[in-house]
Amino acid sequence: MKILVCLSNVPDTTSKINFTDGDTKFDTNGVQFVINPNDEFGLTRAMWFKEKQGATVHVATVGEASTEPTIRKALAIGADEAIRVNAVPTDGYFVAEQLAEIVKNGEYDLVIAGRESIDYNGGMVPGILASLSGMNFVNTCISLEIEGNNATAVREIDGGKEKISTTLPLVIGGQKGLVAESDLRIPNMRGIMMARQKKLNVVEPISASKATDDVKFEKPASKGQVKLVDADNIDELINLLHNEAKVI
Amino acid sequence: MSTETTTKEILRGGQFLVKETNCEDVFTPEDFSEEQKMMRDSVIEFNDREIVANRDRFEAKDYALTEEVMTKAGEMGFLGVAVPEAYGGLGMGFISTMIVCEYISSGSGSFSTAFGAHTGIGTMPITLYGTEAQKQKYVPKLATGEWFGAYCLTEPGAGSDANSGKTTATLSEDGKSYKINGQKMWISNAGFCKVFIVFARIEKDKNITGFIVENDPSNGITLGEEEHKLGIRASSTRQVFFNDTVVPVENMLSERGNGFKIAMNALNIGRIKLAAACLDSQRRITTNSLRYATERKQFKTAIVDFGAIKSKLAEMATSLYAGESASYRAAKNIEDRIAMRMAAGNSHQEAELKGVEEYAIECSILKVAVSEDVQNCSDEGIQIFGGMGFSEETPMEAAWRDARIARIYEGTNEINRMLSVGLLIKKAMKGHVDLLGPATAVGNELMDIPSFDTPDYSELFAEEKEMIAKLKKVFLMVAGSAVQKYGPALDEHQMLLLAASNILIEIYMAESAILRTEKNVKRFGEAAQKEQISMSKLYLYNAVDIIIKNGKEAIVSMAEGDEQRMMLMGLKRFTKYANQPNVVELRNTIAEKLKAENKYCF
């Protein structure tokens, strides 16, 4: 089985978010980047398939050279080979088209992408990629078993779970549940050394359509001062809500 | 992995004092390779997951946890970073070894001690002095954590005077084995180790001899109870008793009588690694204190906005910055020297031994400086936390207790202070470092009329670099005069040696911080290094004060009359700022940046 894990290079969850260029660009200054957590759950599951079922695991990302530490971490964790499409990931459609080209050339049986990246939270890539590649698709996947050509996946749905049976080739939009958080791997020293010798292929992007443009980013308005009203003083609370906050 | 090695002449140990170092020639934490950063991040994740998350268990003396996490560290490859690949390790360079040691040591002093004792003094004596057979037999198991090592040097009556141990090794009649008898004390990892490095005296030898002894209770080895200690509570520390313990002759380490040398060389490496081990602790303490100060409100104000707290945070960050700068500067020197020796045909073993030995002065300086900085930092950390800092609920009190041992083990700070100056003088005698010429020049300068020109200090660090050059003159004046006056008897003047050492330490640390910043300003621009510039200036300002105090003490203790007056004048001249730095402003700049980033961010 040949697996492709799609990785997004995203800011660490504790990063301070700021914008530049008149609020049109994310300010990467001082930001530490990591593997998108939803992708990391997928990568860890792929490692399981590699170790238990002899799968080959490739990872791919769309990004500039600055994303290489993130890809190399995946190699250090155990992926066999990496592909970087040398382009700025402008929007979900663009990324999916680039990845579809890799899928087409690589003859993958299983493509694991994160349900969404935690930076722009578009959530588009896995679905578009499945469609462009003509593969089956399971989104918000929290469990995946493969036997021969058959796949059994569990999806998270509102208020419960849905068990699905499908066949390869398959794209999944993965998330926490594919593996537990405690299963996530820390690259060991030998893995880090080996990563140096593994292939990291850089390919140029195919011309692809960019469907959207970022016009402006806005941060949530900062919270104002809190006024505490005594529980016995309902009249004042109503007065404040009506006259000051103007919400009732 | 070895970072890029320059073909330029590498400064010898101690030469920083008499030769100018270019900022381009120092290695800084900003020079870590992508791979080294990945290793660092890996260790940080491991530390957070396995050590920091289990802080309470370590504090509750859970010795089994220490062993369990050590085993996991072995699986991750952290124990074999410095071990050559031929013996199951990863054969990485000295800087990578320092990085792993630094970032794995900050979660708990208990683990830090177990890790340091095993990878350093527990394993290194065999990799550095073992025969091929000994290395093949023991090192692969030690490198992977299948076996753990411990180092048995100290005895009830032999602490700092390590060569005075009473443990004996007696050759059997058939000449095939030694019988070891004696009592060893404060043995880290004793409770779970498989291999002891034991130092014992054969007959009436002047020097002790090293042996590799496998832990086997049926071979006359018994352990004392776990010691109950102020800090590093889950580090297994026991007495080890050897009662007619039979050790085959092939387990002798190096040659008969070579034990003291092994013990001292293992400690050289241990010292610089101990400095590294204190750095990330200091970083965590600083960040934790900063975050607490940001959340804690008094008088309707976050206490981080009070000058009293800002001052502390700025000083905590500054000493850490200097510690990082000096530790990686020395580590790179060591790495380069090892590479140079290997290129010249030395075996890895020889190259590593000589490489580290060359910088024994710097290793001692770092051990003293960083262990004291982490202690002060944790003390101020408790102060920032106030009453909460005194409570076991917050990590401050454990950090403070754990830091305390660093000033004692791997040679007390007093021994290391005297050693740093003693070694430097020895190097001068051997002609490795020319102290006499520069010291004479300083002597002549003292008789001259000082120049009244006003130098141009407009360039960044112009005045600071001149100050460093002058501070070196203070050391040369004090040490030169001390050697002249007392000759070989200088050893007996410990208070004078301590004062000289304090001067030496401050010079190395202050210079390292300035060189690091200067290098980074050239790469990243002055605006991006504003706070680093402030820290370098603040460190130097503090260093000058320490040097004035110690200089005075030393001069008055050994010179009288005109000579004393002349030297005190020299001290004044060599420590004089043309433009006094505004330290309040410097501290504010540093503190504001820390506040904005909400972590130690340099």
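Quantities reported herein were computed from a predicted structural model and do not represent experimental measurements. (Residues numbered from 1 in each chain as written. Chains lettered and ligands numbered in written order. Predicted model: local features only at pLDDT ≥ 70, side-chain atom pairs only at ≥ 80, totals over all residues. Heavy atoms only, no water.)

Explain the overall build of chain B to me, please; I cannot follow it from the model alone.
The helix and strand inventory of chain B stands at 20 helices and 10 strands. Its C-alpha atoms give chain B a radius of gyration of 24 Å, within 12% of the compact-globule value 25 Å for 602 residues. C-alpha extents for chain B along the principal axes are approximately 80 × 60 × 45 Å. Within chain B, the fraction of its 602 residues that count as buried is 58%. Sequence separation of 24 or more characterises 79% of the internal contacts of chain B that already satisfy a separation of 6 or more. Working note: accessible area of chain B is about 24200 Å², and carbon and sulfur atoms make up 52% of it. Looking at charge distribution, chain B has the averaged site of its 70 positive side-chain charges lying 2 Å from that of its 83 negative ones. (Helix = DSSP H or I, 4+ residues; strand = E, 2+ residues; numbered from the N terminus. Rg over C-alpha atoms; globule rule 2.2 N^0.38 Å. Buried < 20%, exposed > 50% of the residue type's maximum accessible area, 1.4 Å probe, protein only. Contact = heavy atoms within 4.5 Å. Areas by Shrake-Rupley, 256 points an atom, 1.4 Å probe, with all protein chains shown as cover. Lys, Arg positive; Asp, Glu negative; His and termini not counted. Charge placed at Lys NZ, Arg CZ, Asp CG, Glu CD.)

What exactly am I supposed to notice about the pattern of salt bridges here?
Side chains bearing opposite charge may pair, as long as their charged atoms lie close to each other. With the rule as written, the count across this model stands at 52 salt bridges over all chains. Note that A:Arg72 is salt-bridged to B:Glu34, the shortest N-O span being 3.2 Å. Here B:Glu34 lies in helix 1 (residues 34-51) and A:Arg72 lies in helix 2 (residues 68-77), a pairing that spans two chains. The partner of B:Arg284 in a salt bridge is B:Asp48, and the shortest N-O contact between them spans 3.1 Å. Within this pair, whereas B:Arg284 is found in helix 8 (residues 259-295), its partner B:Asp48 is found in helix 1, the two being separated by 236 residues in sequence. The exposure class of B:Arg284 is partly exposed, given its relative accessible area of 22%. Connected via shared salt-bridge partners are B:Glu30, B:Asp48, B:Glu102, B:Asp280, B:Arg283, B:Arg284, B:Glu324 and B:Arg516. (Salt bridge = Lys/Arg side-chain N within 4 Å of Asp/Glu carboxyl O.)

Would you mind going over the confidence of the model for chain B with me for this structure?
Overall, the prediction assigns chain B a mean pLDDT of 95, with 99% of residues at 70 or greater. Scored below 50 in pLDDT, residues 1-7 of chain B makes 22 contacts in the model with residues more than four places away or belonging to other chains. (pLDDT = per-residue confidence, 0-100.)

Is there a simple way to explain the pairing of strand 1 (residues 2-6) of chain A in this structure?
A regular strand carries its side chains on alternate faces of the sheet. Residues and elements named next belong to chain A. Summarising burial for strand 1: 4 of the 5 residues are buried, a large majority. Relative to strand 6 (residues 56-62), strand 1 runs parallel, the two sharing 5 bridges. From the neighbouring strand, isoleucine 3 faces strand 6, where its bridge partner is valine 57. (Pairing = 2+ DSSP bridges.)

Which parts of the structure should I look at to understand the packing of helix 11 (residues 360-385) of chain B against helix 14 (residues 413-430) of chain B?
Helix-helix packing is characterised by the crossing angle of the two axes and by the distance between the axes. All names here are of chain B. Axis separation between helix 11 and helix 14 bottoms out at 8 Å; the angle between their running directions is 155 degrees. The angle between helix 11 and helix 14 places the two elements in the roughly antiparallel class. Every pair of crossing elements has a handedness; the one defined by helix 11 and helix 14 is left-handed. Residues Ala360, Ile361, Ser364, Ile365, Lys367, Val368, Ser371 and Glu372 of helix 11 lie in contact with helix 14, whose contacting residues are Asn413, Asn416, Arg417, Leu419, Ser420, Leu423, Leu424 and Lys427. Looking at the contact of helix 11 with helix 14 residue by residue, the class counts come to 7 nonpolar, 5 polar and 4 charged. (Axes fitted to C-alpha atoms, helices over the stretch in contact; angles between N-to-C directions. Parallel < 35°, antiparallel > 145°, perpendicular 65-115°, else oblique. Left-handed = near helix turned anticlockwise from the far one by under 90°. Nonpolar A, V, L, I, M, F, W, Y, C, P; charged D, E, K, R; others polar.)

Hey, could you run me through the pairing of strand 2 (residues 168-171) of chain B in this one?
Residues and elements named next belong to chain B. Bridge analysis of strand 2 against strand 3 (residues 177-188) gives 4 bridges, and the strand direction is antiparallel. Residue pairing in the sheet places threonine 170 in a bridge with lysine 179 of strand 3. Hairpin connection from strand 2 to strand 3: 5 residues lie between these consecutive antiparallel strands, with glycine 175 at a positive phi of about 75 degrees. Summarising the sheet, strand 2 and strand 4 (residues 195-202) pair through 2 bridges and their orientation is parallel. Of the residues in strand 4, the one forming a bridge with alanine 169 is isoleucine 202.

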